[in-house]
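Structural overview for review
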Amino acid sequence: MSIDVLLQQIVNGLVVGSVYALVALGYTMVYGILQLINFAHGEIVMIGALSALFVTNALIAVGVPPALALVVAILAAMIICAIVGVSIERIAYRPLRNAPRLAPLITAIGVSIFLQQVAILVFGRNYFTFPEIISKAPIQIGAITVTMNEIVILITSVALMTGLLWLVNNTKIGTAMRATAENQKVAGLMGIDINKIIAITFAIGSGLGAVAGVMVASNYGQAHYYMGFMLGLKAFTAAVMGGIGNLWGAMVGGLILGLVENVGLIFVRGDYKDIFAFVVLVAVLIFRPQGLIGEKVAERA
Amino acid sequence: MSAVLDIKKLEVAYGGIKAIKGIDFHVNDGELVTLIGANGAGKSSTLRALSGLITPVGGKVTYKGQDITGVPSHALVGLGIALCPEGRGVFARLNVHENLLMGAFARKDKAQILAEVDEIYTMIPRLKERTKQMAGTLSGGEQQMLAIGRAMLAQPKLLMLDEPSMGLAPMMVEKIFEIIRLIAKRGTTILLIEQNAQLALEHANRGYVLESGEITLQGDAKVLLADPRVKAAYLGG
Amino acid sequence: MNTLLQNKRNQIIAIIALGIFLLILPFLAGMIGQAWVRILNITLLYVMLALGLNVVVGVAGLLDLGYVAFYAVGAYTWSLLASQHFNLHYPFWVLLPLGAFLAALAGLMLGAPVLKLRGDYLAIVTLGFGEIIRILMNNLDKFSLPGSDTVYNLTNGPRGITGIDGLSFFGFKLRQGLEIFGLPITGLQLYYFVFLTITIFSVWMVYNLQHSRLGRAWQALREDEIAAKAMGINVRNVKLAAFAFGALTGGLAGGLFAAMQGFVSPESFGLLESVMILAMVVLGGMGHIPGVILGAVLLAAMPEVIRYVADERVQESVFGHVLIAPEVLRNLIFSLAMILIMLYMPRGLWPSPDRKAEALNSGAGK
Amino acid sequence: MSKMIFTADGVTKKFGGVTALDSVSMKIPKDSIFGLIGPNGAGKTTFFNTLTGLYQVDGGNFTFDDKPLNVKAPHEVAEVGIARTFQNIRLFGEMSVLENVMVGRHVRTKAGAFGAIFRPPSVRREEAETEARSRELLAYVGLERRAGEKSRTLAYGEQRRLEIARALATDPKLIALDEPAAGMNATETVELRKLIERIAKDGKTVLLIEHDMRLVMNVCHHIVVLDYGKKIADGTPAHIQKDAAVIKAYLGGAHGETK
């Protein structure tokens, strides 16, 4: 094994990991506020990718410049996903907020399957080719090869995550989100409309998921109705690994997962790549049950 | 004097347990009224029902002539009612400044809010020293001060305090009551729920004694202070 | 008292009627086609699986999202040791217990490190475990040990394992079918009776467990872990027992599945399968055996019924063209049912009643 | 002096920088009804939780039944012979009333998985005994007719009594009741008082943590008062009611000197 190979895999891992991180943020934000695994988040990502793909193609077909088409499509996808995310919360989760914990989890799984079927009806079952708008021609930097597409993905993810952190830490709405996550009752006493904050959380998480979906689709050059499943699973794993409910945890978890997967490829055949996530997860949870950055949850007396 | 807050036949139950068995009391404009009683007498249940955290099973709560029975807590803030909850309820992972700002969540007058935050800092200098500190790292007394300051930022006409002395050392309790007196002096109407009867009655205009979900004694605070039946209500004499 | 006796008599009549119905069911199905007998058999396997998962999720309250992994362990144990693949042909009385045992062992190995985790974490770890097993089945067709160049083929990868031995008793292969007094009984119908017997045995086991010291400890744990500890229940051991028993049942069903199908591939053991079994337990009524059986029967049969009702030809004749692919429609209805039942009947279709018949509780002394 | 069933000697418990229990000592005589009281936040619950194995102590030690009490996990406490009820009632809601009590027998029975499935005669006998003993206890607390119902459907006072029956099922030497009278009406409290007295008469020691002073003063033989994690008084009810430190702790000090 040469150091160049290692470096190359680290770069690849960062690109994939930043996408995981974006998706993981959606899981962790919802979990932080509702203690619910939003199983359908992976499907939101898929819907984001497919709707962006269709909008892009439609706009290019009517003569819009590809770059502009892509930007418009991403915005459209974010809006669509935000609407879907907020609707899911309203219809399938909110009525069960005080139900036994398994109940909303089951509806979440139901929603996930439902969205897949809807995607089949709307978009079809095919593997769609995502147009190559940002060049994927290899760029040589020293011994490492990257593409412009990958660079854009990395920059966009970093920008979005910074933006989210800023929003959550420095704005009134962000402070209200943290307050609600910590104590819904007291937040209500402050005049914060909990339901509104939860809806905003879903909207933001889903919007980020939409962008992540486009990133995955553009990186692999394709999108299909089932793409959200494994991606969602891994992103959730990343969120748990980092310490669910914690934004930094989701980002760190996502990056680590991306790195582990890609660096691991040096040692083990690619077929097993999907196993790494879970093996690492189990290892982390055994030694740090609260996750890498998560806080210890005290046992109630 | 008109009653700001008027409670009639209030009943609260938890899954069949009657915690409050139909009580009547009122708070007049500008008054500091205290509701005292031993642990488990139903003080907090009463306050929870008043602040919309639980829905009473019977009775009526009127605020400035308006029926507010069962109005959710976040809507009460807009009416000018603030609650400083039992156990303080500061946001442990928010810093002191952010906690205070959350108290003013429903307001839009940013400049005025910041001015009032400064006012709170003047009134409670200890908070100013810790403005960037996470509330969870404050001592119990400091958290209580923060909770009161936060409630004040909602510009309440009526401030409801739930056991502000709970779990605090005597010195700290004194300080908290000093702050409460300052707030009362500024003209804010206060409903104070307290276990520490002595201190509460010393500071209040009027008092009610709650015992097993019923009001058994009421009247002028100074008179109650001397009434031996108050002691009996606590120690089962 | 009188009504109680009457109830008892009615119950006996109902049980006898149900028994007769279950006995003639495969022949009724066989009249439509052997495919329907296969559906019956699969349904029975789902009942077993749901009963096993019910102990873990419904009784003990541990959310397991990778349950199908144990089914897979059972199925592959049978397939590898009774097929052309390694040219091994062990008999059923070795393979069924072995598969169940290995599955239980896998359950213990997975459970030991993770059972102290919070509920949601347990869910995601079990889900991951399910995926690991599936990926291993897909990829263990070309692996070599470190320091050796010999390539082994353990699972035959995505192509799966074919030519698996069926059940046979004293040299009689069930697949051949049988004729009794001129009445032909097909192989699938014979399998039906074997599966039915084992299903009834499973119901009996789960019922006994649920009404035992251990079963009560499981339920106590599900209801309130802290109170359960105060009662002196060793939470860890009791949880492991639930996990192992659930896995054991899954392994048993897996072996039977392989024997009937004669073919297994990793495709049969995906996450959706785990979710389906979980849905049977939850939708039917967690912790309540009749409810769980109902859930399993409904969800196992529903796809087939929808396939029939929403058949492309039916759609064509009604609408003039195919509106929705039957499979999509089936999954749509299936997922909507999951959502709606949870929203409107969060305790499931047939939850345990609020008042237990006293007769049940005094049964211990018999 | 009568024989002691339980002693605490200088028990200290800290959370972060806060001392929740500051060198608390007490002796509980066998077969007595012993009251532990104090204002909110005095440390009663913390004491209770250290005693029942939920927390480990930072200093001091417990002696139970003449042996050092050294439990590492909550489930070992029941085995030693200490049972408890919970302030906010923790029944197994979806299980029947009878089953709740039968769970209490867990620690005194043995059947394992194999026995559970195949029910050999020894297991059947054990089950029958478990059930008989549980029914006896239900009758003891007056709930025998509710045996088949799910415990969550019981009225509040009945749930309290069921919790006591479940605790008794573990055959405890010491039964610790955490605010059993909370939320009860006057009649229910009187019944509770009778039940507590009967339990003590039948040879079990009762540790009562309670806010209802009438109940405490009427039923307890001996009372310890905690305030700010320290023991401030120790004596008979009559003594406690006159104790200046207790009155100050409950009604608030006359801090006249600071004004």
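Everything quoted here is computed from the prediction, not taken from an experiment.

A few words now on the overall build of chain B. Scanning chain B from N- to C-terminus turns up 10 helices and 10 strands. Dimensions of chain B, computed from the C-alpha atoms along their principal axes, are close to 45 × 40 × 35 Å. With 237 residues in all, chain B has 58% of them scored as buried. Intrachain contacts of chain B at a sequence separation of at least 6 include 67% that bridge at least 24 residues.

Now for the overall build of chain D. Of regular secondary structure, chain D possesses 10 helices and 10 strands. Taken over C-alpha atoms, the radius of gyration comes to 20 Å for chain D, in line with the 18 Å a tight globule of 259 residues would show. Each principal axis of the C-alpha atoms in chain D carries an extent, and together these give about 75 × 40 × 35 Å. A total of 259 residues make up chain D; the buried ones form 60% of that total. A fraction of 67% describes how many contacts in chain D between residues 6 or more apart in sequence connect residues 24 or more apart. Here chain D displays about 10200 Å² of accessible surface, and carbon together with sulfur accounts for 51% of that area. The centroid of the 37 positive side-chain charges in chain D is displaced by 1 Å from the centroid of its 32 negative side-chain charges.

Below, the discussion takes up the sheet that holds strand 1 (residues 3-14) of chain B. All names here are of chain B. Taken together, four strands build an open sheet; the order of strands is 2-1-4-5 and the sheet is antiparallel. Both edges of this open sheet fall to strand 2 (17-28) and strand 5 (66-67), since each of them pairs with a single strand only. Bridging between strand 1 and strand 2 involves nine bridges; their strand directions are antiparallel. Bridge pairing in strand 2 places tyrosine 14 opposite isoleucine 17. Against the sheet, helix 1 (residues 43-50) touches strand 1, strand 2 and strand 4 (58-63), its axis set at about 115° to strand 1.

Where five pairs of chains are in contact, the pair with the most contacts is made of chains C and D. Contact between chain B and chain C is absent, and the least distance between their C-alpha atoms amounts to 17 Å.

All right, on to the confidence of the model for chain D then. Residues and elements named next belong to chain D. The share of residues in chain D with pLDDT of 70 or more is 97%, and the mean pLDDT across the chain is 89. Across chain D, element-level confidence peaks in helix 3 (residues 97-104) with a mean pLDDT of 97 and bottoms out in helix 10 (residues 244-251) with 85. In the model, residues 254-259 has pLDDT below 50 throughout and makes seven contacts with residues more than four positions away in sequence or in other chains.

A few words on the interface of chain C and chain D. With 38 residues of chain C in contact, the opposing surface of chain D contributes 42 residues. Across the interface of chain C and chain D, roughly 3700 Å² is buried in total on both sides, 56% from carbon and sulfur atoms. Counting across the interface, chain C meets chain D through three salt bridges. The interface formed by chain C and chain D holds 13 residue pairs in polar contact (both at pLDDT 80 or more) in total.

Turning our eyes to something else, we now look at the interface of chain A and chain B. Contacts between the two partners involve 18 residues from chain A, matched on the other side by 21 residues from chain B. Summing both partners gives a buried area of about 1800 Å² for chain A against chain B, and 66% of it is carried by carbon and sulfur. When the area that chain A buries against chain B is broken down by residue, the three leading residues are Glu182, Leu189 and Met190 of chain A, summing to 38%. In this assembly, chain A and chain B are joined by one salt bridge. Across the salt bridge formed by glutamate 98 of chain B and arginine 178 of chain A, the nearest N and O atoms sit 2.6 Å from each other. For the pair chain A and chain B, the number of links is six residue pairs in polar contact (both at pLDDT 80 or more). Counting residues per element, the side of chain A that touches chain B draws most heavily on helix 6 (residues 172-182) of chain A, which supplies six residues. Class assignment of the residues belonging to the side of chain A that touches chain B gives a composition of seven nonpolar, five polar and six charged.

Okay, helix 9 (residues 235-261) of chain C next. Residues and elements named next belong to chain C. Helix length check: helix 9 (27 residues) gives 39 Å between terminal C-alpha atoms against 39 Å at 1.5 Å per residue, within 8%. The buried fraction of helix 9 is high, at 22 of 27 residues. Glycine 262 sits one or two positions beyond helix 9 and adopts a positive phi of about 75°.

Here the focus is the packing of aromatic side chains. With the rule as written, the count across this model stands at 24 aromatic pairs over all chains. Judged by centre distance (6.0 Å) and plane angle (55°), the ring pair of tyrosine 225 of chain A and tyrosine 226 of chain A falls under tilted. Where phenylalanine 15 of chain D meets tyrosine 55 of chain D, the ring centres are 5.2 Å apart and the plane angle is 80°; that geometry is what we call edge-to-face. A residue pair is termed long-range when its members are at least 10 positions apart, and phenylalanine 15 of chain D in strand 1 (residues 4-15) and tyrosine 55 of chain D in the loop between helix 1 (44-51) and strand 4 (59-64) qualify at 40 residues. Phenylalanine 15 of chain D sits in the partly exposed class, given a relative accessible area of 36%. We classify tyrosine 55 of chain D as partly exposed; its relative accessible area is 25%.

Attention now goes to the packing of helix 1 (residues 3-34) of chain A against helix 9 (residues 227-242) of chain A. Residue and element names in this part refer to chain A. It is at 8 Å that the axes of helix 1 and helix 9 come closest, and there the two elements cross at 70°. Judged by the angle between their axes, helix 1 and helix 9 are roughly perpendicular. In this structure, helix 1 uses Tyr20, Val23, Ala24, Tyr27 and Thr28 to contact helix 9, whose residues at the interface are Leu231, Gly232, Leu233, Lys234, Ala235, Phe236, Ala238 and Ala239. In terms of residue class, the contact of helix 1 with helix 9 is built from 10 nonpolar, two polar and one charged.

Residue and element names in this part refer to chain D. Reading across from one edge, 6-7-8-3-9-10 is the order of the six strands in this open sheet, with mixed pairing throughout. Two strands in the sheet have a free side with no partner beyond their single neighbour: strand 6 (82-84) and strand 10 (230-235). Strand-to-strand twist across the sheet, computed as the mean angle between neighbouring axes with direction ignored, equals 20°. Sheet analysis places strand 7 (residues 174-178) next to strand 8 (residues 205-209), joined by five bridges and oriented parallel. Each residue of the ladder has a partner; that of aspartate 178, found in strand 8, is isoleucine 209. Sheet contacts for helix 6 (residues 156-168): strand 6 and strand 7; angle to strand 7, the most-contacted strand, approximately 155°. Here helix 10 sits on the sheet and contacts strand 3 (33-37), strand 9 (222-227) and strand 10; the angle it forms with strand 10, its principal contact strand, is near 125°.

What follows deals with the pattern of salt bridges. Here the structure, examined in full by the defined rule, presents 42 salt bridges over all chains. Between arginine 186 of chain B and glutamate 119 of chain B there is a salt bridge; the shortest N-O distance is 3.4 Å. Placement of arginine 186 of chain B in the loop between helix 7 (170-185) and strand 8 (189-194) and of glutamate 119 of chain B in helix 4 (residues 110-123) is noted, with a sequence separation of 67 residues between them. Notably, a salt bridge pairs lysine 142 of chain C with aspartate 141 of chain C, separated by 3.3 Å at the nearest N-O pair. When its relative accessible area of 39% is taken as the criterion, lysine 142 of chain C is described as partly exposed.

Here we come to the nonpolar core. Core analysis: the biggest nonpolar cluster contains 261 residues, and Leu5 and Leu50 of chain B have the highest contact counts within it. The next biggest cluster of nonpolar side chains, apart from the first, holds 100 residues, and it includes Cys84, Leu138 and Leu153 of chain B together with Leu251 of chain D.

What follows deals with empty space enclosed by the protein. Evaluated as defined, the whole model comprises six cavities of 30 Å³ or more. Looking at the largest cavity, its volume works out to about 90 Å³. Ile226, Lys229 and Ala230 of chain C together with Thr52, Leu54, Pro74, Val77, Ile82, Ala83, Arg84 and Phe86 of chain D are the residues that line the largest cavity. At the level of elements, helix 8 (225-230) of chain C together with helix 2 (74-80) and strand 6 of chain D are the ones that each hand at least two residues to the lining of the largest cavity. When grouped by side-chain class, the residues that make up the lining of the largest cavity number eight nonpolar, one polar and two charged.

Definitions and limits used
Residues numbered from 1 in each chain as written. Chains lettered and ligands numbered in written order. Predicted model: local features only at pLDDT ≥ 70, side-chain atom pairs only at ≥ 80, totals over all residues. Heavy atoms only, no water. Helix = DSSP H or I, 4+ residues; strand = E, 2+ residues; numbered from the N terminus. Buried < 20%, exposed > 50% of the residue type's maximum accessible area, 1.4 Å probe, protein only. Contact = heavy atoms within 4.5 Å. Rg over C-alpha atoms; globule rule 2.2 N^0.38 Å. Areas by Shrake-Rupley, 256 points an atom, 1.4 Å probe, with all protein chains shown as cover. Lys, Arg positive; Asp, Glu negative; His and termini not counted. Charge placed at Lys NZ, Arg CZ, Asp CG, Glu CD. Pairing = 2+ DSSP bridges. Axes fitted to C-alpha atoms, helices over the stretch in contact; angles between N-to-C directions. pLDDT = per-residue confidence, 0-100. Buried area = accessible area lost by both parts, 1.4 Å probe. Salt bridge = Lys/Arg side-chain N within 4 Å of Asp/Glu carboxyl O. Polar contact = N/O pair within 3.5 Å; in protein donor to acceptor, adjacent residues only side chain to side chain. Nonpolar A, V, L, I, M, F, W, Y, C, P; charged D, E, K, R; others polar. Expected span 1.5 Å × (residues − 1). Phe/Tyr/Trp six-rings, centres within 6.5 Å; stacked < 30°, edge-to-face > 60°. Parallel < 35°, antiparallel > 145°, perpendicular 65-115°, else oblique. Core = buried A, V, L, I, M, F, W, Y, C linked by side-chain atoms within 4.5 Å. 1 Å grid on protein atoms, 1.4 Å probe; cavity = no way out; pocket = protein on both sides within 12 Å on 5 of 7 lines; lining within 4 Å. Points joined across faces, edges and corners; volume = space filled by probe spheres on them.

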